[in-house]
Structure formats: C-alpha cells, structure tokens
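Chain by chain, the residues run as shown.
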Amino acid sequence: MHYVITRLRGVRMAVVLVDQRCLAEPHAARLLARLQAQFATPAMLVARDDARWKGARARADFDAPPYLHALLGVEDLEWSELPDECEAELPF
C-alpha cells in the first residue's frame, strides 16, 4: 500500500491507497484508527479500479466524498510505501 500526506480542502491528512476489501468493516475502522495514530492526522482510505482513478471510493471518520473529489483534482502527488507496522494489521 502507498500513502501521501497532503492538504485537501484546507485539512492536512494521510491518504492511503488500499484494496477494495479494506473499505469494509470491521477492517476499515481498525485500519483508520491505526493510521490516524501513526501519522497524527486524519486519515482517508482510498480504493480505485484503475490507474486513472475510475471508480475511486473512499472511507474515513469524516464525510469522505468532498475530500475524495479534492484529491482527484490534485496533480503530482508523491506516494510513499506504507510502513510495515501498518500493513501488519491487514487481515489478508
């Protein structure tokens, strides 16, 4: 998985690219809590169908669609590899 720390709609947050399965409960809530603690920022999980972001979906502890829409308008994001301790929590 990859992540970026960016500012969307004036809010600094961690955006994490995940598999579609990570958006389902109870995995999403646990992963969001862990990421928010790790990065000390709000976090948003984003799953996409292809490299062009077709069918992108998001999950967060806040109203995610406006922030997903803002993310889609950002160019040149520098994604980093997610630290192993976060990925260890995934059930698959």
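Residues numbered from 1 in each chain as written. Predicted model: local features only at pLDDT ≥ 70, side-chain atom pairs only at ≥ 80, totals over all residues. Heavy atoms only, no water.

A. Focus on the overall build of the protein chain. Helix and strand content of the protein chain: three helices and five strands. By the compact-globule yardstick of 12 Å for 92 residues, the protein chain fits well, its C-alpha radius of gyration being 12 Å. Buried positions account for 36% of the 92 residues belonging to the protein chain. Taken as a whole, the protein chain presents about 5,300 Å² of accessible surface, with 47% of it coming from carbon and sulfur. Positive and negative charge centroids in the protein chain, built from 11 and 14 side chains respectively, lie 5 Å apart. (Helix = DSSP H or I, 4+ residues; strand = E, 2+ residues; numbered from the N terminus. Rg over C-alpha atoms; globule rule 2.2 N^0.38 Å. Buried < 20%, exposed > 50% of the residue type's maximum accessible area, 1.4 Å probe, protein only. Areas by Shrake-Rupley, 256 points an atom, 1.4 Å probe, with all protein chains shown as cover. Lys, Arg positive; Asp, Glu negative; His and termini not counted. Charge placed at Lys NZ, Arg CZ, Asp CG, Glu CD.)

B. Quick peek at the pattern of salt bridges. Scanning the model with the defined rule gives two salt bridges in all. Of the charged contacts, one joins D19 and R21 as a salt bridge, the two residues approaching to 3.0 Å between their closest N and O atoms. A relative accessible area of 36% means that D19 is categorised as partly exposed. For the salt bridge of E25 with R59, the shortest nitrogen-to-oxygen distance reads 2.2 Å. Note that E25 is positioned in the loop between β2 (11–17) and α1 (27–39) and R59 in strand β4 (residues 57–60), a separation of 34 residues in sequence. (Salt bridge = Lys/Arg side-chain N within 4 Å of Asp/Glu carboxyl O.)

C. Structural detail: the pairing of strand β3 (residues 43–47). Summarising burial for β3: five of the five residues are buried, a large majority. Taking every second residue as pointing to the same face, both faces of β3 are buried, with A43, L45 and A47 on one and M44 and V46 on the other. Here β2 pairs with β3 via four bridges, running parallel. By the bridge assignment, V15 is partnered in β3 with M44. Taken together, β2, α1 and β3 form a β-α-β motif whose crossover is right-handed. (Pairing = 2+ DSSP bridges. Right-handed = clockwise from strand over helix to strand, strands pointing away.)

Treat this as a map of the structure, not an account of what it does.
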